[in-house]
Amino acid sequence: MKKLITLIFLAIFPFTCGFMNIAHRGDNEQGKYAEHSFAAYDRAVCAQVDYLELDLQESADHVLVVSHDTNLSRVFGVDQSIEENTFKKLTNYRNQAGKAFIHSKRFFNAIKITRK
């Protein structure tokens with residue numbers, strides 16, 4: 001019964017409250033832009049999304065970085081854990097677009113600048 005109520009709620013909710021357009025890790029346009037990159041976020045903003053979704057991971061020196069994965073292998077091609085590396089070491093790695101990790105402060109400062 002609980003599953004049926006949940007299913008009904010999920011089927012009706014979008015029609016009663018409206019749909020939201022959420023850019024998951026930015027808008028990478030089927031891999032054209034690296035996820036969690038400023039290019040992917042810019043693309044999402046240009047597409048007039050309602051929300052930008054991002055993930056934060058903590059480095060060994062307690063710096064929050066923007067990354068979906070806790071491991072670097074999928075995006076950066078290195079089998080290393082984010083929590084076992086300092087932010088300085090993490091900045092040496094590059095994603096498919098040649099970009100380094102984004103510090104959370106840099107991301108939020110960029111958002112403040114674009115909203116003014």
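Everything discussed here concerns the structure shown above.
With that settled, the discussion passes to the pattern of salt bridges. For the coordinates displayed, the defined rule picks out one salt bridge. Between Arg 74 and Asp 69 there is a salt bridge, with the nearest N and O atoms lying 2.7 Å from each other. Classification of Asp 69 as buried rests on a relative accessible area of 17%.

By definition, the strands of a sheet pair up through backbone hydrogen bonds, in either a parallel or an antiparallel sense. Spatially, 3-4-5 is the arrangement adopted by the three strands of the open sheet, whose pairing is antiparallel. Edge positions in the sheet fall to strand 3 (56-58) and strand 5 (102-103), since each of these pairs with one other strand and no more. Sheet topology note: the strand 4 (residues 64-66)/strand 5 ladder contains two bridges and is antiparallel. In the sheet register, Val 66 faces strand 5, and the bridge partner there is Ile 102.

Evaluation of the coordinates by the stated rule reveals one cavity of 30 Å³ or more. Quantified by volume, the largest cavity comes out at close to 110 Å³. Lining the largest cavity are 13 residues, with Glu 35, His 36, Val 66, Val 75 and Phe 76 positioned closest to its centre. Its residues assigned to classes, the lining of the largest cavity shows six nonpolar, five polar and two charged.

Reading the values: the criteria
Numbers given for residues are sequential positions, taken from 1 along each chain in its written order. With the structure being a predicted model, the display of local features is reserved for residues of pLDDT at least 70 and the display and counting of side-chain atom pairs for 80 or more, all residues being used for whole-chain, interface and lining totals. Side-chain calculation: all heavy atoms of the structure are included, whereas hydrogens and water are not. Every case where a carboxyl oxygen of Asp or Glu lies within 4 Å of a side-chain nitrogen of Lys or Arg is listed as a salt bridge. For the exposure calls, accessible area comes from a 1.4 Å probe over protein chains only, and a residue counts as buried if that area is under 20% of its type's maximum, exposed if over 50%, partly exposed in between. DSSP-based pairing: two strands are paired if at least 2 bridges between them are found. Secondary structure elements are taken from DSSP: a helix is a run of H or I of four residues or more, a strand is a run of E of two residues or more, and numbering for both begins at the N terminus. Using only the protein atoms, space was sampled on a 1 Å grid; points where a 1.4 Å probe fits but cannot get out form cavities, open sets with protein on both sides within 12 Å along at least five of seven lines form pockets, and lining residues are those with an atom within 4 Å of a point. Grid points are joined across faces, edges and corners, and a volume is the space filled by probe spheres set on the points. Polarity classes work like this: nonpolar for Ala, Val, Leu, Ile, Met, Phe, Trp, Tyr, Cys and Pro, charged for Asp, Glu, Lys and Arg, and polar for all others, with Gly in that last group.

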